[in-house]
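# Breakdown of the fold
So the chains spell out like this:
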Amino acid sequence: MESETAKDVNRNDATRIGSFQYLTPSVEHSLYRNGKVLTRRDKNGSDAGTTGTDLQAYEMPVHDARPLEAAARRTLAANGFELFDRPLANPDLDFFDHGQVVGTYYPECAEIVRQATGARFAAAFDHNVRSAAGKKSEQRIEGGQLVQGPAHLVHGDYTLTSAPQRLADLTKPPGANDTLASLLSNGDALLDGDEIERILDHGRYAIINLWRNIAPEPVASHPLALCDAASVRPEDLVVFEIHYHDRIGENYFAKHADGHQWYFYPALTRDEALLIKQWDSAGELARTKGANGDGANGDGAAPEGPCTFSFHSAFEDPMTPEDAPERWSIEVRCIVLYD
């Protein structure tokens, strides 16, 4: 039964009550891998069992970020996400053709991210297309991977361990399943090993996703919510391990905290680019190895400098019409290097 608070909020077009999947309170907080929360994949990449991934739904206010743009714009640097008006260079781009996405859209995304961050270099290296309908029908992108469903789970894509590892991996030739393999000559790598060794030692890098609606209609179902990085503390984080047959990947899942501040941009169009920070080595949490987070300090003041990353999740908008069109979206991951 809907609470009175939820009813009041849902009457306000600027705020919703969304249901978010967090890990249960009993799950142990972790910043580094401990073998307690994980999933396994077989050699074909299919699920082969999970451990410790106990989830619980929490109702949280989700604020419409659009009315805040003039007075208190959410920024990539401070909050971990930012919306830009960036119409497609080629409006007729076929997002269901892997070759077009990698050959044409990757460079476009990289340049948008480079300009937005002020970095000296940016390059796209991976992407996913998402749709609940496409996931259900096991639709495959021509020449590429399967369509994935919207991720209804509070998470961040990288950790204190996996972010620098991903950067280092991009100094090696891509594998057969890497989306950018077709862009590189046999044996080439996206990044220079000596340069990345220097950056990992005393430089700055970031991983930024460019998220875009690829349907003709504005997004009306499964909208994406973003958690203000300034509202997240280290004790909210739990390492989620992904055990492949030849390696272990990591994400951060989240433990619930009442202070998490959620935002979304309703009715996103194909002309808008939503940038989501997945990791920034200059962020407080990254620099201190988790000793401090990106949230407010004990004196109530937020740390100076950029944030590290933003949790994100799809959610069910209670104001979505029953006949709303299916959401189709693409997220392109970009590596960013600073001086």
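Whatever comes next refers back to the structure up there.
A few points on the structure.

The rules behind each value
Residues numbered from 1 in each chain as written. Predicted model: local features only at pLDDT ≥ 70, side-chain atom pairs only at ≥ 80, totals over all residues. Heavy atoms only, no water. Helix = DSSP H or I, 4+ residues; strand = E, 2+ residues; numbered from the N terminus. Rg over C-alpha atoms; globule rule 2.2 N^0.38 Å. Buried < 20%, exposed > 50% of the residue type's maximum accessible area, 1.4 Å probe, protein only. Contact = heavy atoms within 4.5 Å. Areas by Shrake-Rupley, 256 points an atom, 1.4 Å probe, with all protein chains shown as cover. Pairing = 2+ DSSP bridges. Polar contact = N/O pair within 3.5 Å; in protein donor to acceptor, adjacent residues only side chain to side chain. Axes fitted to C-alpha atoms, helices over the stretch in contact; angles between N-to-C directions. Parallel < 35°, antiparallel > 145°, perpendicular 65-115°, else oblique. Left-handed = near helix turned anticlockwise from the far one by under 90°. Nonpolar A, V, L, I, M, F, W, Y, C, P; charged D, E, K, R; others polar. Phe/Tyr/Trp six-rings, centres within 6.5 Å; stacked < 30°, edge-to-face > 60°. Lys NZ or Arg CZ within 6 Å of the ring centre and 35° of its normal.

## Quick look at the overall build of the protein
Assigned secondary structure in the protein consists of seven helices and 15 strands. Against the compact-globule benchmark of 20 Å for 339 residues, the protein has a radius of gyration of 19 Å, which places it among compact chains. For the protein, buried positions account for 50% of its 339 residues. Looking at the protein alone, contacts between residues at least 24 apart form 78% of all its contacts between residues at least 6 apart. Looking at the protein as shown, the accessible area adds up to about 15,300 Å², and 47% of this sits on carbon and sulfur atoms.

## Some remarks on the pairing of strand E13 (residues 272-280)
Taking burial as the measure, the nine residues of E13 include nine buried ones, the bulk of the element. Sheet topology note: the strand E8 (residues 205-213)/E13 ladder contains six bridges and is antiparallel. Following the sheet pairing, Trp211 is matched in E13 by Leu274.

## So, the pairing of strand E11 (residues 248-254)
The side chains of a regular strand alternate between both faces of the sheet. A large share of E11 lies buried, amounting to six of its seven residues. Inspection of the sheet shows strand E7 (residues 155-156) paired to E11 by two bridges, in the antiparallel sense. Among the inter-strand pairings, Gly156 is bridged to a residue of E11, identified as Tyr252. Between strand E10 (residues 237-243) and E11, which pair antiparallel one after the other, the connecting turn spans four residues.

## Digging into the environment of Asn251
Along the chain, Asn251 falls in strand E11. Of the residues examined, Asn251 reaches a relative accessible area of 16% and is grouped as buried. Separated by 90 residues in sequence, Asn251 and Thr161 have C-alpha atoms that sit 9.4 Å apart. When residues no more than four places from it in sequence are discounted, the contact partners of Asn251 are Gly156, Asp157, Thr159, Val238, Val239, Phe240 and Ile242. Within polar-contact distance, the side chain of Asn251 engages the backbone oxygen of Asp157 at 2.8 Å.

## Concerning unusual backbone geometry
Phi at Glu138 takes a positive value of approximately 55°, unusual for a residue other than glycine. Tracing the backbone shows Glu138 in the loop between helix H4 (132-136) and E7. One non-glycine residue, Ala267, adopts positive backbone phi at about 55°. Note on placement: Ala267 falls in the loop between strand E12 (262-264) and E13. Under the relative-accessibility criterion, Ala267 is labelled partly exposed at 39%.

## Focus on the packing of helix H5 (residues 162-169) against helix H6 (residues 193-202)
Where H5 meets H6, the axes come as close as 9 Å, and the angle between the chain directions of the two elements is 160°. Accordingly, the angle class assigned to the pair H5 and H6 is roughly antiparallel. As for the relative orientation of H5 and H6, their crossing is right-handed in sense. Taking contact as the criterion, the partners of Pro164, Leu167 and Ala168 in H5 are, on H6, Ile196, Ile199 and Leu200. A breakdown of the residues in the contact of H5 with H6 according to their chemical character gives six nonpolar, no polar and no charged.

## What to know about the packing of aromatic side chains
Following the criterion strictly, the structure yields 13 aromatic pairs and no others. Their ring planes at 40° and their centres at 6.1 Å tell us that Phe81 and Tyr263 sit as a pair that is tilted. Placement of Phe81 in strand E5 (residues 81-85) and of Tyr263 in strand E12 is noted, with a sequence separation of 182 residues between them. Each member of the pair, Phe81 as well as Tyr263, is classed as buried. Geometrically, the ring pair formed by Phe81 and Tyr265 is edge-to-face, given 6.4 Å between the ring centres and 80° between the ring planes. Note that Phe81 is positioned in strand E5 and Tyr265 in the loop between E12 and E13, a separation of 184 residues in sequence. A network of ring pairs unites the aromatic residues Phe20, Trp262, Phe264 and Phe315 as a single cluster. Sitting over the face of the ring of Phe84, Arg73 holds its NZ or CZ atom 5.6 Å from the ring centroid. The ring of Tyr338 has Arg204 lying over it, and the distance from NZ or CZ to the ring centre is 3.9 Å.

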